[in-house]
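Okay, here's what each chain looks like letter by letter:
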Amino acid sequence: MLVRALGIAGSATQSAGNEVLCTPPPRPGEKAPEPITVNRKDLELGKAGRDIVLQDGDIVNVPVAKRFYISGFVKNPGSF
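Residues numbered from 1 in each chain as written. Predicted model: local features only at pLDDT ≥ 70, side-chain atom pairs only at ≥ 80, totals over all residues. Heavy atoms only, no water.

(A) Broad picture of the overall build of the protein. Counting its regular elements, the protein contains 2 helices and 5 strands. Starting at the N terminus and walking to the C terminus, you meet the elements of the protein as α-β-β-α-β-β-β. Computed over the C-alpha atoms, the radius of gyration of the protein is 17 Å, more than 25% above the 12 Å expected from 2.2 N^0.38 for a compact globule of 80 residues. Expressed along its principal axes, the backbone C-alpha trace of the protein runs to roughly 55 × 30 × 20 Å. (Helix = DSSP H or I, 4+ residues; strand = E, 2+ residues; numbered from the N terminus. Rg over C-alpha atoms; globule rule 2.2 N^0.38 Å.)

(B) Up close: the sheet that holds strand 1 (residues 19–23). Read across the sheet, 3 strands follow the order 2-1-3 without closing on themselves; strand pairing throughout is antiparallel. In this open sheet, the two strands that pair with only one neighbour each are strand 2 (36–39) and strand 3 (59–61). Shown here is a sheet whose adjacent strand axes are inclined to one another by a mean of 20 degrees, direction ignored. Of the pairings in the sheet, the one linking strand 1 to strand 2 comprises 4 bridges and is antiparallel in character. When the sheet's bridge partners are listed, Cys22 is paired in strand 2 with Ile36. (Pairing = 2+ DSSP bridges. Axes fitted to C-alpha atoms, helices over the stretch in contact; angles between N-to-C directions.)

Right, dumping it as structure tokens:
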């Protein structure tokens, strides 16, 4: 189960995004499968509907969150 795998791996870092990508391994003679995208926060809160069952060889990736920058005449410039 995806939730358990994420728990065993440890908590997400501060730079982790809200998406979890699960990619099954390619089968011989077939094109690479599309990754399944799940909202990490929905998984953690149990709102994702159902947990994803992982198979041997599945790749689970939590990409870095997208950042944006504010500059100029603002009170708190920086990246968010």
